[in-house]
Amino acid sequence: MSKEIPLATVNQHNKATDLWVVINNKVYDVTKFRLEHPGGEDSLVDVAGRDATKDFNDVGHSSEAREMLKKYYVGDLAAADIKQKSPISVTPTDATEAPKQCCILS
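Note that the structure is predicted; figures quoted are calculated from it, not measured. (Residues numbered from 1 in each chain as written. Predicted model: local features only at pLDDT ≥ 70, side-chain atom pairs only at ≥ 80, totals over all residues. Heavy atoms only, no water.)

(A) Looking closely at the packing of aromatic side chains. Tallied over the entire structure, the rule returns two aromatic pairs. Considering the side-chain rings of Y28 and Y73, the 6.1 Å spacing of their centres and the 65 degrees angle between planes classify their relative orientation as edge-to-face. Here Y73 lies in strand β6 (residues 73-77) and Y28 lies in strand β4 (residues 26-29), a separation of 45 residues in the sequence. Classification of Y28 by relative accessible area gives buried; the value is 8%. A residue is classified by how much of its surface remains accessible, and Y73, at 31% relative accessible area, is partly exposed. Both rings, one in F33 and one in Y72, keep their centres 5.6 Å apart while their planes meet at 45 degrees; by these two values the pair is tilted. (Phe/Tyr/Trp six-rings, centres within 6.5 Å; stacked < 30°, edge-to-face > 60°. Helix = DSSP H or I, 4+ residues; strand = E, 2+ residues; numbered from the N terminus. Buried < 20%, exposed > 50% of the residue type's maximum accessible area, 1.4 Å probe, protein only.)

(B) Layout of unusual backbone geometry. Its identity is not glycine, yet N24 carries a phi of approximately 50 degrees, on the positive side. Note that N24 resides in the loop between β3 (18-23) and β4. The partly exposed category is assigned to N24, whose relative accessible area is 44%.

(C) Local environment of the pattern of salt bridges. What the rule picks out here adds up to five salt bridges. Where R50 meets D55, a salt bridge forms, and the shortest distance between an N and an O atom there is 3.6 Å. Given the relative accessible area of 34%, D55 is considered partly exposed. Here D58 and K54 are joined by a salt bridge, their closest N and O atoms 2.7 Å apart. Here the residue D58 and the residue K54 both occupy positions in helix α3 (residues 53-59), the gap between them amounting to four residues, near one helical turn. The same class applies to D58 and to K54, which are both exposed. (Salt bridge = Lys/Arg side-chain N within 4 Å of Asp/Glu carboxyl O.)

And the structure:
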(Lines give C-alpha, C1' and ligand atoms only; values in the text may rest on other atoms or scores of the structure.)
Protein backbone atom coordinates (compact mmCIF):
# COMPACT_ATOMS: atom_id res chain seq x y z
CA MET A 1 0.00 0.00 0.00
CA SER A 2 1.31 3.44 -0.92
CA LYS A 3 2.07 6.02 1.68
CA GLU A 4 -0.59 8.76 1.86
CA ILE A 5 0.75 12.28 2.17
CA PRO A 6 -1.47 15.19 3.21
CA LEU A 7 -1.36 18.32 1.04
CA ALA A 8 -0.33 20.28 4.14
CA THR A 9 2.86 18.22 4.25
CA VAL A 10 3.52 18.83 0.56
CA ASN A 11 3.02 22.57 1.16
CA GLN A 12 5.97 22.55 3.58
CA HIS A 13 8.36 21.39 0.83
CA ASN A 14 8.19 24.61 -1.13
CA LYS A 15 11.73 25.79 -1.79
CA ALA A 16 14.53 24.96 -4.22
CA THR A 17 16.43 22.93 -1.62
CA ASP A 18 13.34 20.96 -0.57
CA LEU A 19 10.95 20.72 -3.52
CA TRP A 20 7.89 18.47 -3.64
CA VAL A 21 5.06 18.63 -6.15
CA VAL A 22 1.78 16.83 -6.72
CA ILE A 23 1.05 15.55 -10.22
CA ASN A 24 -2.10 13.54 -10.87
CA ASN A 25 -2.60 12.97 -7.12
CA LYS A 26 0.89 11.50 -6.70
CA VAL A 27 3.59 13.23 -4.67
CA TYR A 28 7.12 13.62 -6.04
CA ASP A 29 10.31 14.92 -4.43
CA VAL A 30 12.03 16.59 -7.38
CA THR A 31 14.67 18.43 -5.32
CA LYS A 32 17.56 16.54 -6.94
CA PHE A 33 16.08 16.95 -10.43
CA ARG A 34 15.61 20.73 -10.36
CA LEU A 35 19.06 21.56 -11.79
CA GLU A 36 18.61 18.99 -14.58
CA HIS A 37 15.11 20.12 -15.52
CA PRO A 38 15.10 21.12 -19.21
CA GLY A 39 12.57 23.88 -18.49
CA GLY A 40 14.89 25.39 -15.89
CA GLU A 41 14.96 25.37 -12.13
CA ASP A 42 12.56 28.32 -11.83
CA SER A 43 9.70 26.48 -13.47
CA LEU A 44 9.90 23.81 -10.75
CA VAL A 45 10.39 26.29 -7.92
CA ASP A 46 7.27 28.14 -9.11
CA VAL A 47 5.13 25.06 -8.39
CA ALA A 48 7.00 23.84 -5.30
CA GLY A 49 4.81 22.60 -2.48
CA ARG A 50 1.58 22.46 -4.46
CA ASP A 51 -0.45 20.62 -7.07
CA ALA A 52 1.42 21.06 -10.34
CA THR A 53 -0.82 18.80 -12.43
CA LYS A 54 -2.19 21.56 -14.65
CA ASP A 55 1.25 23.11 -15.18
CA PHE A 56 2.76 19.71 -15.98
CA ASN A 57 0.02 18.78 -18.44
CA ASP A 58 -0.11 22.22 -20.09
CA VAL A 59 3.55 21.96 -21.08
CA GLY A 60 2.92 18.66 -22.84
CA HIS A 61 5.66 16.56 -21.28
CA SER A 62 6.90 13.57 -23.23
CA SER A 63 6.30 9.96 -22.23
CA GLU A 64 9.99 9.87 -21.21
CA ALA A 65 9.41 12.76 -18.81
CA ARG A 66 6.40 10.96 -17.35
CA GLU A 67 8.50 7.82 -16.95
CA MET A 68 11.25 9.79 -15.18
CA LEU A 69 8.77 10.90 -12.53
CA LYS A 70 8.65 7.37 -11.14
CA LYS A 71 12.08 7.63 -9.55
CA TYR A 72 11.02 10.73 -7.61
CA TYR A 73 7.75 9.24 -6.33
CA VAL A 74 7.20 9.66 -2.58
CA GLY A 75 3.59 8.58 -2.14
CA ASP A 76 -0.03 9.30 -2.99
CA LEU A 77 -1.84 12.49 -2.09
CA ALA A 78 -4.09 11.85 0.92
CA ALA A 79 -7.61 10.92 -0.14
CA ALA A 80 -9.06 13.81 1.88
CA ASP A 81 -7.03 16.26 -0.23
CA ILE A 82 -7.96 14.91 -3.66
CA LYS A 83 -10.22 17.33 -5.48
CA GLN A 84 -13.43 15.70 -6.58
CA LYS A 85 -14.33 16.24 -10.20
CA SER A 86 -17.78 17.71 -10.60
CA PRO A 87 -20.19 15.38 -12.33
CA ILE A 88 -21.12 16.01 -15.91
CA SER A 89 -24.33 17.97 -15.90
CA VAL A 90 -27.21 16.24 -17.56
CA THR A 91 -30.16 18.21 -18.80
CA PRO A 92 -33.35 16.37 -17.94
CA THR A 93 -35.55 15.68 -20.92
CA ASP A 94 -39.25 16.26 -21.02
CA ALA A 95 -40.99 12.87 -20.99
CA THR A 96 -43.55 14.11 -23.54
CA GLU A 97 -40.85 15.17 -25.99
CA ALA A 98 -40.01 12.67 -28.72
CA PRO A 99 -36.35 11.68 -28.94
CA LYS A 100 -34.37 13.70 -31.45
CA GLN A 101 -33.24 11.93 -34.58
CA CYS A 102 -30.37 12.49 -36.89
CA CYS A 103 -31.15 14.69 -39.88
CA ILE A 104 -30.50 11.75 -42.22
CA LEU A 105 -33.44 9.86 -40.75
CA SER A 106 -35.92 12.76 -40.95
